[in-house]
Amino acid sequence: MTSTPTALEVVDGVDLTGKICVITGASAGLGRESARALAKTGAHVILAARNRAALADTEAWIRAEVPDAVISTVELDLTSLAAIRSAAKAIDAIAPAIHVLMNNAGVMFTPFGRTTDGFEMQFGTNHLGHFELTRLLEPQLAMAGGARIVNLSSDGHRLADVDLDDPNWQHREYDKFAAYGASKTANILHAVELDRRLRDRAIRAYAVHPGVVATSLARHMSRDDFTALTEFVPSDPARDKVDVRRDFSMPEHGAATQVWAAVGDDLADVGSVYLADCRIQEDMAPYAMDEARARRLWEISERFCTDASAGH
Ligand SMILES: NC(=O)c1ccc[n+]([C@@H]2O[C@H](COP(=O)([O-])OP(=O)(O)OC[C@H]3O[C@@H](n4cnc5c(N)ncnc54)[C@H](OP(=O)(O)O)[C@@H]3O)[C@@H](O)[C@H]2O)c1
């Protein structure tokens, strides 16, 4: 499962000196590996995550690997709109312009729970948190004069579409697989609508499936869940069948596609695409690329965030 290059190979020869990259969930797994690779390019990398100690560890690890790295850290908890606003302010103080925003943080298959603002935990963290952060950072993205937004999605989006009538699971029995699938579908729809709205300001947006990668994302999975998932995910005849219990890569390779989305020359005039294996993929679920649904999700997300911020 290592036909893709490593993230470090993707940035070989890339010089982003003077540019600024923000990565959410940079304290572990794919975010951490992406941060190391982008630091290698000379970019100023802003690590955003919720655990201060893990952020400090990550910063120290990158500095040991890349001695001239330019790194900042910002505390960001995507389960709270107030915390997201504070993080956006902190990022604004460091970064007048943002060239790459990598919306990477995520949780998977969490037991039912709600964020501080009452959103279902997976939809709230993976989609709405990033929706609000991205909205708040739009001025800095526009200042870059050419910026990319990279949304981490997943082939797990095939598990479910977003129920636009009940995205926060208020009227259905909670299903942790479907809730993750919906949040990852939302990540793609968000990229589709971001690209449509912002491309005139030279901001392009991408959705990425990183592969099946050994990280702490699976912390909520039982042995039975692994079995259920393997049977549940429909295999695409055009691509190799993946057994999540056996076919996985390590973050060094897993982070390659999201880093490619951030720096790849081939993507300079492209956006609103789904990427995997360092290529544009056509084989996503059709509902995840539906432009009309992308607009509706945007309107719903905007309303949720506005109402919650106003204390409704
Ligand atoms: N690994 C895979 O096989 C795979 C496959 C498809 C898609 N993806 C996607 O790739 C992305 C990265 O996942 P990963 O595999 O690197 O997982 P990971 O190792 O668990 O890392 C996730 C990161 O997100 C952070 N995070 C979680 N909740 C947060 C919150 N409320 N606020 C701020 N940060 C938060 C985590 O911080 P804490 O440590 O503090 O929780 C951690 O830094 C996710 O969006 C995931 O859906 C992964």
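Report follows, based on the coordinates. (Residues numbered from 1 in each chain as written. Predicted model: local features only at pLDDT ≥ 70, side-chain atom pairs only at ≥ 80, totals over all residues. Heavy atoms only, no water.)

A few words on the site of the ligand. Not every one of the 29 residues close to the ligand is listed here, only the nearest: Ser-27, Arg-50, Tyr-180, Val-213 and Thr-215. At 2.8 Å, a side-chain N or O of Ser-27 approaches an oxygen atom of the ligand. Contact distances for the ligand include 2.8 Å between an oxygen atom and a side-chain N or O atom of Arg-50. Among the secondary structure elements, those contributing two or more residues to the shell around the ligand are helix H2 (29-40) and helix H7 (176-198). (Near = heavy atom within 4 Å. Polar contact = N/O pair within 3.5 Å; in protein donor to acceptor, adjacent residues only side chain to side chain. Helix = DSSP H or I, 4+ residues; strand = E, 2+ residues; numbered from the N terminus.)

Moving on, we come to the state of the cysteines. Under the defined criterion, the tally for this structure stands at zero disulfides. Unpaired in this structure, Cys-278 has its nearest cysteine sulfur neighbour in Cys-21, at a distance of 16 Å. For Cys-278, a relative accessible area of 15% translates into the label buried. (Disulfide = S-S within 2.5 Å. Buried < 20%, exposed > 50% of the residue type's maximum accessible area, 1.4 Å probe, protein only.)

Now for the pairing of strand S5 (residues 147-152). In terms of burial, S5 is largely enclosed, as six of its six residues are buried. A two-sided burial pattern is seen for S5, the buried positions comprising Ala-147, Ile-149 and Asn-151 on one face and Arg-148, Val-150 and Leu-152 on the other. Where strand S4 (residues 100-103) lies against S5, four bridges are found, and the strand directions are parallel. Bridging from a neighbouring strand, Met-102 pairs with Val-150 of S5. On the question of chirality, the crossover connecting S5 to the parallel strand S6 (residues 203-208) by way of H7 is right-handed. (Pairing = 2+ DSSP bridges. Right-handed = clockwise from strand over helix to strand, strands pointing away.)

Moving on: the pattern of salt bridges. Summed over all chains, the structure comprises 16 salt bridges. In this structure, the salt-bridge partner of Glu-59 is Arg-63, at a minimum N-O distance of 2.8 Å. Of the two residues, Glu-59 and Arg-63 are both situated in helix H3 (residues 52-65); the distance of four residues between them amounts to about one turn of the helix. For Asp-195, the salt bridge identified is with Arg-199, shortest N-O distance 3.0 Å. On the basis of relative accessible area, Arg-199 is assigned to the partly exposed category, the value being 37%. (Salt bridge = Lys/Arg side-chain N within 4 Å of Asp/Glu carboxyl O.)

By size, the foremost hydrophobic cluster in this structure holds 49 residues, and its most contacted members are Ile-91, Ile-98 and Leu-133. Elements that contribute at least two residues to this core include exactly strand S1 (20-24), strand S2 (44-49), helix H4 (81-94), helix H5 (121-136), S5, H7, S6 and helix H11 (291-309). Not counting residues up to four positions away in its chain, the partners in contact with Ile-98 are Ile-20, Val-22, Ile-91, Leu-137, Gln-140, Leu-141, Ala-144 and Ala-147. By size, the runner-up hydrophobic cluster in this structure holds 39 residues, among which are Val-150, Val-208, Val-213 and Val-263. (Core = buried A, V, L, I, M, F, W, Y, C linked by side-chain atoms within 4.5 Å. Contact = heavy atoms within 4.5 Å.)

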